[in-house]
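Residue-level listing of the chains:
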Amino acid sequence: QVRLVESGGGLVQAGGSLRLSCAASGSIYSMNVMGWYRQASGKQRELVARIVSGGSTNYTESAKGRFTISRDNAKNTVYLQMNSLKPEDTAVYYCNALIRSSWWGNFMDYWGKGTLVTVSS
């Protein structure tokens, strides 16, 4: 089994910063794409940023220039540094990863339970 556990959410004032972490544990042979999604109240879940195993990244337009995604493959961890936070960034942030548990297995899609980020104006 594989678990993704997020941490680092909380309450911050507009203009502040937070760093989210997501640690994967369990039966992990290799990890491909890792990403962060968010879901605001009453809205659909949306991609915030993702990073592939080689390090290439992409961001949703609203995150460009403010958020930075990174990963530590040795620790099976992905991070999201969020700067210049805005009230519209308020959402539950979910970690996502494509993980293969064995060399013969397929990559499977895993999700964390989410961490709440609240940005006050």
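A brief look at the structure comes next. (Residues numbered from 1 in each chain as written. Predicted model: local features only at pLDDT ≥ 70, side-chain atom pairs only at ≥ 80, totals over all residues. Heavy atoms only, no water.)

### Quick word on the side chain of Asn-96
Within the secondary structure, Asn-96 sits in strand E9 (residues 91-100). There is a polar contact of 3.1 Å between the side chain of Asn-96 and the backbone oxygen of Tyr-110. Contacts of Asn-96, omitting those with residues within four sequence positions, involve Leu-4, Val-33, Met-34, Gly-35, Tyr-37, Asp-109, Tyr-110 and Trp-111. (Helix = DSSP H or I, 4+ residues; strand = E, 2+ residues; numbered from the N terminus. Polar contact = N/O pair within 3.5 Å; in protein donor to acceptor, adjacent residues only side chain to side chain. Contact = heavy atoms within 4.5 Å.)

### Focus: the packing of aromatic side chains
Evaluation of the coordinates by the stated rule reveals two aromatic pairs. Considering the side-chain rings of Trp-103 and Trp-104, the 5.7 Å spacing of their centres and the 85 degrees angle between planes classify their relative orientation as edge-to-face. Here the guanidinium or amino end of Arg-19 rests over the ring plane of Tyr-79, the centre of that ring lying 4.1 Å away. Its end group placed over the ring of Tyr-94, Arg-45 keeps NZ or CZ at 3.7 Å from the ring centre. (Phe/Tyr/Trp six-rings, centres within 6.5 Å; stacked < 30°, edge-to-face > 60°. Lys NZ or Arg CZ within 6 Å of the ring centre and 35° of its normal.)

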